[in-house]
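Given next are the chains, with one letter for each unit.
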Amino acid sequence: MEEKVKDIGTDEQQEYIINIGPQHPSTHGVMRLVVSLKGETVKNVEPHLGYIHRGIEKMCESLTYPQIIHLTDRMDYLAAHMNNEVVCLAVEKALEIEIPDRVKVIRTLMSELTRIQSHELFWASYGMDLGGQTCYFYGLRDREMVLDIFEETTGGRMIVSYNCPGGVMYDLHPNFQKRVKEFLKHFRKVLPEYDDILTNNVIFHERTVGIGPLSLKDAISYGITGPSGRASGFSCDVRKHEPYSAYDRVNFNEVLYTEGDAFHRYLARVEEMRESMNIIDQLIDNIPEGPYAVKMKPVIKLPEGEYYQRVETPRGELGVFIISDGNKTPYRVHFRTPNFANLSVLNHLVKGFKIADLISIFGSFDYVIPDIDR
Amino acid sequence: MRSIINYLKDIFLGVRSLLKGMKVTSKYFWSPSSIVTEKYPENRKTLVMLERSKGEVIMPHNDKNEHHCNGCGICQINCPNGSIEVISKIIDTEDGKKKKIIDRHIYNLGQCTFCGLCVKTCPSNALAFSTKFEHAVFNKALLIKVLNKPGSQLMKGVEQ
Amino acid sequence: MLTSFGIINYLSAQSVPWWKVFYDFTSLTKNIDAGLHNAMSPFWTIMTEMVIIGVLFLLFYAVVGLFLVYAERKVCAFIQNRLGPNRVGPFGIFQTVADLIKLLFKELIPIKNADHFLFNLAPYFVIIVNFMVLAAIPYALGLHAIDLNIGIFYVIAVSSMSVIGVLLAGWSSNSKYSLLGAMRSGAQIVSYELSVGLALATVVILAGSMQLSVIIEAQRTGWFIFKGHIPAVIAFVIYIIAGTAETNRGPFDLAEAESELTAGYHTEYSGIKFAFFYLAEFINMFIVASIAATVFFGGWMPLHFGADNGFNRIMDFIPPVIWFFAKTFFLIWVIMLFKWTFPRLRIDQLLTLEWKYLLPINIVNLLIMAFIVLMGWHF
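Residues numbered from 1 in each chain as written. Chains lettered and ligands numbered in written order. Predicted model: local features only at pLDDT ≥ 70, side-chain atom pairs only at ≥ 80, totals over all residues.

## A closer look at the overall build of chain A
Alright, step 1. Within chain A, the secondary structure is distributed over 15 helices and 9 strands.
Alright, step 2. Relative to its length of 374 residues, chain A is compact, with a C-alpha radius of gyration of 21 Å against a globular reference of 21 Å.
Alright, step 3. Once the C-alpha set of chain A is aligned to its principal axes, its extents read approximately 70 × 50 × 40 Å.
Alright, step 4. Here chain A holds 374 residues, and the buried ones make up 50% of them. (Helix = DSSP H or I, 4+ residues; strand = E, 2+ residues; numbered from the N terminus. Rg over C-alpha atoms; globule rule 2.2 N^0.38 Å. Buried ≥ 20, exposed ≤ 12 C-beta atoms within 10 Å, placed from the backbone.)

Below is the structure:
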C-alpha cells in the first residue's frame, strides 16, 4: 500500500501515531514522517532522515577538486548545474582566477534553464499530490524540451557534470540558441494553460489558500530561503544581494509576497519561472565570444584557509564551505543545503491542520530528500 | 443581501474556473497529434540520439584498427571511483629500446558515474563518449569491458 | 432454441425488413413472449423469461464494465498526451481481460479477526443493488425490463442501499483505517443522495410523473434540458456533481486516494472480491450517466425540436438504441474529465460543498421549477 500504517501506540487522549513511510508517492524521495494525530488534526510531525545518506561530504575529503563535481550533481538532482557551479565558484574564488565572460554567461543561462525545469517539476508533482494527475504529464512534457537542450550541450539530462574549475567542459552546441528560443516560444504559449488548470482552479484554492502560513519572523529565524521564504516576504535572493556569474548585468524582479501560505509559495515559483524566462531572453542573443575554459594546472591545490560561496538554487540558498590545508584534496567540505533548513519548520507549520493539509504543506516546500541527507 | 450576492458570485466564479480547466484537458483529448509517447522498441531504426549523449566510454579505433592510447594512466588517476584500470606492458621496439604500450584498458561500466574526467584529461584524446545506451545484462561481469580491441596498435605519430 | 424458433417464425411470417427491429424492440419481445407461451405453462414461461433477462443483464454488466475500464484508461491517456494500453491486442482492447485474469489468479486472503460472513457479503451488496437499478432503465423503445410507475423513486431508493455494502466492507475488515475510510465514504454517499434525489424531483415536477417511460414520452417534442430552461440546467449540473460524489469518483475520491492516508474501505479485499468493488464503481458511473441521459436528455428519444417536422424525421433515422448509448457515453466522458482535471477536495470541504452550497441551491431550484410549471413558462 501507499503508506506503512503502523499502530505504534495510543494514549488516553485518543491520539494515535501513524507513519508516512519511507516509500510514499508524495514525499518526493525517501523520508519517514511520524505523525501523531488527534482525530483528523495533526499534533506533531517528526521527520526521520537519513535513508539516502551516502556520505558525500566525507567522500569529498579523499577526492581532488575536479572530482568533487560529479558527486555534487547527485545531491539536489533537480538543480544539478547549480550544485556544480557553487563548488567551481568557491575554487575559483580561492585561487583568484579571472573567469572569461563567455563562461559566466553560459553558466547563467544553464542555471536559469535548470531553475525553469525544477519549478516545472514542482508544478507537475504538486498538482499530482493534490489529486490532479494530468498536471504531472503536462509539466513533464515541457520539461523534456529543457532536458533535450541539456543533453545536446552537456551529454547528460539530469546529471550534467558540466562545470569544472576554470570554466565548462564543452563549448555550447551550435544548436543551443535555436533550441532555447524555440523552447521559450513554446513555453510562453503553454504557461497560461497551466494557470487555467491549476492556479485559477477553485478546488486548488480551497486546498492551498490559508494553509500553513509562515510569518516573516519565522522565516527569518528558521532560515527559510528560496521561493518558500520569499512568499513570506523574506528578501533573500542571492542573485540580487551577492551577484555571481552574469547576474549583475541582467534585470529581473525578485518575486516577493507577504501572505506566506501554501498558495503563495506555489505562486512564487510560477512567477519565478517567468522571471527566469526574462533573464534568458536578455542573455541569449549576446553570448560573448571567447574561451570556454581557463587553462588550469593539472593538480589544483587551494591555499590554506576557509572559503565559502553561495548560489541561489530553486529551493533556496546553497552554500559550500571548504577548509583547505594546502593539499590537493580538501580537509573538510560542508554543504549548507536549503532543504535541510526548510524542513526544520515543517513541525511548526503543520500543527493544527488536518492530515490532508500535511500533504499540501509538504508539497509546497518542494523538498528534494537527497539534498537533506547528502 | 450583500452576502447573498457574494455567495452567488463565488459559485459563479468557481464554476467558471472549473469549466476553463476542463476546456484545456478536452482540447488535448481531441488532438491526437499532441501525443508524445515514443514507441520505443519499434522505433529503434529511426531513433536519433543527440551526438554528445553520454552512453558509455569507448576508445575509438580507425579502420586500420589503431587507437590513440599509449598507456599513460592519466585517466586512471583522474577517475573518481576507480572504474578504469590501465594495464601496460614493456616491449622491445625495432630500435632496441624499451617502450611502454597499453596491454589492456579495463573499464567498469557498472561503476562509472559518467563524470567525463577521463575523456577530458586524456592527453592524446584516446577516449570518447558513445551514444549506445542499451547496456542491460543479466551478469554483472559482462559490464567490465576492455576498451582496446585485440590486435590493435597505437597509431603512428601519437606522442608518448 | 424455442425462442429462436419464435423469432424465425415471426420474421418469416411478416414482410418487414430485419433492421426495423432496432427501431422498435416491442415486436421482438412480444413475439418471444408469445413463442414461449405456446411452448410452456405460464409459470415456466415467466421463469424462463426471468432467466433470459438475468443472463442478458449479467453479460451486459460484464461487457460494459470491461469496456468502461478500458475506456477510462484510454481517455485518461489521451488527456495526458500519451497512448494508454496499446500492446495487448490491437489498440490494447484485451488489456482489461488480461487484468481480470490476473485478478482471478490472486489469492483471496482471509483476515484472521475479521467477521467472515459480513466480509464476504459486502461485495454482493453493491453488485445486487447495481443490477436492481440497471433493470429499471429504458435502453430503447421496448427494451425496458421493469417499467414501474414509481420508476425514479425506485431508482433512488435502491441505489441508496449500496452504502450498506460500503459500511459493511469497512467494518468487517477489522482495521482502523478501513473503518475510517468507510465512515468517510458512507458520510459522503449519504449526504450526496439528498442532492441527487432533489435534482431528480425537479425533473419529476416538469414531467408530471415518476414513470420513466412517461418521462421519455414527454420529451418527444424536446429534451427536458431545453424545455425546462434555467431550473433544468441547474438541476443537471447539480445532478452531475452529486452523481460523481455518490460513486466516490472524480474530485471526491479522498476516501480511496493514493497520496492521502487511509486507503479506503476496500483495502483488505483482494482478487475477485476487489474486482467486484472496482467493477461496481464503474457500473455505478454508468447508472448515474444513464439516469441523467434519461431524465435530462431524453433517454432513447432522438433530438426533436417541436412537433413533427423534417428535422425530427432526419433525427429519427438513427435507431434509439444508438441515441441512448451515445448520450450515456458522452456523459461518462464528462465524468471522466472531472476526475482527470481537478485536484481532490478534502473531506470537510466535500461535506461543506453539499450542505452549504448544493442543498440550498437545490431547494430554491425546486421552488423555481414548480413556479415555472404552474405558470406554464416552460416550452
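## With respect to the domain arrangement of chain B
Alright, step 1. The domain boundaries assigned to chain B delineate domain 1 (2-36) and domain 2 (50-154).
Alright, step 2. The C-alpha centroid of domain 2 of chain B is placed 58 Å from the C-alpha centroid of domain 1 of chain B. (Domains from an automatic or database assignment.)

## A short note on the interface of chain C and chain B
Alright, step 1. With 11 residues of chain C at the interface, the matching set in chain B holds 13 residues.
Alright, step 2. Among the secondary structure elements, those contributing two or more residues to the side of chain C that touches chain B are α3 (42-79) and α14 (320-341) of chain C.
Alright, step 3. Of the residues contributing to the side of chain C that touches chain B, the split by class is 8 nonpolar, 2 polar and 1 charged. (Contact = placed C-beta atoms within 7 Å. Nonpolar A, V, L, I, M, F, W, Y, C, P; charged D, E, K, R; others polar.)

## Regarding the nonpolar core
Alright, step 1. Ranked by internal contacts, the top residues of the largest apolar core, which has 205 residues, are Leu-358 of chain A together with Tyr-239, Ala-242, Ala-289, Ala-292 and Phe-296 of chain C.
Alright, step 2. Among the elements that line this core, the one with the most residues is helix α12 (residues 272-297) of chain C, at 18 residues.
Alright, step 3. Those residues in contact with Ala-289 of chain C, other than ones at most four positions away along the chain, are Thr-328, Leu-331, Ile-332 and Ile-335 of chain C. (Core = buried A, V, L, I, M, F, W, Y, C linked by C-beta atoms within 7 Å.)

## Some remarks on the sheet that holds strand β4 (residues 98-108) of chain B
Residue and element names in this part refer to chain B.
Alright, step 1. On the basis of which strands lie adjacent, the open sheet formed by 3 strands has the order β3-β4-β6 and antiparallel pairing. Of all strands in the sheet, those with a lone pairing partner are β3 (84-92) and β6 (144-146), marking the two edges. Going across the sheet, the axis of each strand differs from the next one's by a mean of 25°, ignoring polarity.
Alright, step 2. When β3 meets β4, the two strands line up antiparallel, connected through 9 bridges. Each bridged residue has a counterpart across the sheet, and for Glu-85 the counterpart in β4 is Ile-106. (Pairing = 2+ DSSP bridges. Axes fitted to C-alpha atoms, helices over the stretch in contact; angles between N-to-C directions.)

## Some remarks on the confidence of the model for chain B
Residue and element names in this part refer to chain B.
Alright, step 1. For chain B, mean pLDDT is 83; residues scoring 70 or higher make up 94% of the total.
Alright, step 2. The spread of mean pLDDT over the elements of chain B runs between strand β7 (residues 153-154), the lowest at 68, and strand β5 (residues 128-130), the highest at 89.
Alright, step 3. Here the predicted complex carries an ipTM of 0.85, next to a pTM of 0.88. (pLDDT = per-residue confidence, 0-100.)

## Description of the domain arrangement of chain A
Residue and element names in this part refer to chain A.
Alright, step 1. We note that the domain assignment places domain 1 (10-48) and domain 2 (56-373) within chain A.
Alright, step 2. For domain 1 and domain 2, the distance between their C-alpha centres works out to 29 Å.
Alright, step 3. With 14 residues of domain 1 in contact, the opposing surface of domain 2 contributes 19 residues.
Alright, step 4. Taken together, the elements giving at least two residues each to the side of domain 1 that touches domain 2 come down to β3 (32-38) and β4 (41-48).
Alright, step 5. Ranked by residue count, the leading element in the side of domain 1 that touches domain 2 is β4, at 6 residues.
Alright, step 6. Here the side of domain 1 that touches domain 2 is composed, by residue class, of 7 nonpolar, 5 polar and 2 charged.

## What to know about the sheet that holds strand β7 (residues 305-313) of chain A
Residues and elements named next belong to chain A.
Alright, step 1. Pairing in this open sheet of 3 strands is antiparallel, and the strands run β7-β8-β9 from one edge to the other. Each edge of the sheet is formed by a strand with only one pairing partner; in this case those strands are β7 and β9 (332-336). Averaged over neighbouring strand pairs, the angle between their axes works out to 15° when direction is ignored.
Alright, step 2. Bridge analysis of strand β8 (residues 316-324) against β9 gives 5 bridges, and the strand direction is antiparallel. For Gly-319, the partnering residue across the bridge sits in β9 and is Arg-336.
Alright, step 3. The sheet strands contacting helix α3 (residues 80-95) are β7 and β8, and the helix crosses β7 at an angle near 145°.

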